[in-house]
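So you can see what is in the structure, the chains are spelled out below.
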Amino acid sequence: MATTPQHEETSTGRPRRTLRTVATVVGILVTLAVLLSLGTWQVERLHWKEALLADIAERRAADPVPLAEVETIERDGGDIEYRRVSVTGTFDHGKERHFFATFQGQTGFYVYTPMTLADGRVLFVNRGFVPYEMKDRSTREAGEVSGVQTVTGFARTRLDEKPSAIVPDNDLGKNIFYWKDLSAMVSTTGLEASQVLPFFVDVDASVENAGGWPRGGVTQFDLPNSHLQYAVTWYGLAAALVAVVIGMWFRGRRSQG
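(A) Structural detail: the packing of aromatic side chains. The full count for this structure, using the stated rule, is 8 aromatic pairs. Aromatic side chains Phe-100 and Tyr-178 sit 5.9 Å apart centroid to centroid with 50° between the ring planes, which places their arrangement in the tilted category. You can see Phe-100 sitting in strand 3 (residues 97-103) and its partner Tyr-178 sitting in the loop between strand 6 (148-157) and helix 3 (182-189), a full 78 residues away along the chain. Judged by its relative accessible area of 32%, Phe-100 falls in the partly exposed class. Between Tyr-112 and Phe-200, the ring centres sit 5.3 Å apart and the planes meet at 75°, which makes this aromatic pair edge-to-face. One end of the pair, Tyr-112, is in strand 4 (residues 106-116); the other, Phe-200, is in strand 7 (residues 196-203), with 88 residues separating them in the sequence. Summarising the burial analysis for this pair, Tyr-112 and Phe-200 share the class buried. Connected via pairs of aromatic rings, a cluster forms that spans Phe-99, Phe-103, Tyr-110, Tyr-112, Phe-129 and Phe-200. Taking NZ or CZ as reference, Arg-127 lies 4.9 Å from the ring centre of Phe-91, over its face. It is Lys-135 that lies over the ring of Phe-109; its NZ or CZ is 5.9 Å from the centre.

Definitions and limits used
- Residues numbered from 1 in each chain as written.
- Predicted model: local features only at pLDDT ≥ 70, side-chain atom pairs only at ≥ 80, totals over all residues.
- Heavy atoms only, no water.
- Phe/Tyr/Trp six-rings, centres within 6.5 Å; stacked < 30°, edge-to-face > 60°.
- Helix = DSSP H or I, 4+ residues; strand = E, 2+ residues; numbered from the N terminus.
- Buried < 20%, exposed > 50% of the residue type's maximum accessible area, 1.4 Å probe, protein only.
- Lys NZ or Arg CZ within 6 Å of the ring centre and 35° of its normal.

Printed below as a string of structure tokens:
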């Protein structure tokens, strides 16, 4: 019996429709899996961030520890960020480095000053904020404390590279840093790199300087925590996808009926 054109169209059309259906189902399942994975990942990040914030809060409330204890933690590969520490030494104000920053709505600089310890090693200490017009040391001579000083603050890890492409390069010629490049701070002051500790210390608000500058207590503790919103977004999109698919399936059933 000869095959009619209508029969040929039917026999070839069904496999095509089947392939399209399979491809659609696979695409929907893959998309759903991706959305659910992203939501789950954000939930995991949420738990991590909450634990981190709790850890930071605990460290902020702790009593300051000797610098040697922080050094031991850092040397053993531990996390020293935001650990309270007490340090004693002599500031070398002539080698201070200036980190461009804003504080309480005012533009200026954080003043990073080398502190020479009793054993001759050096630690860069963020002594706090000065307004833009007070970058020159001559405008705040009262705050250039001399002799052996003891300050308390928070240990801060160094950065190995610029944190983002949008961050400007440090202007070493003008002594303006846009990111905390410890190696550059060391090289531009002529210090011996092997004698400089591989982290910073931010002084806390208890450190007050004559004349009011630099002003301590500039450490930022407010870390963004938007992972819950992101998780809800991804799970919401997954739920919306399921709802759309179910709606299309019911409409298809009614049209066939």
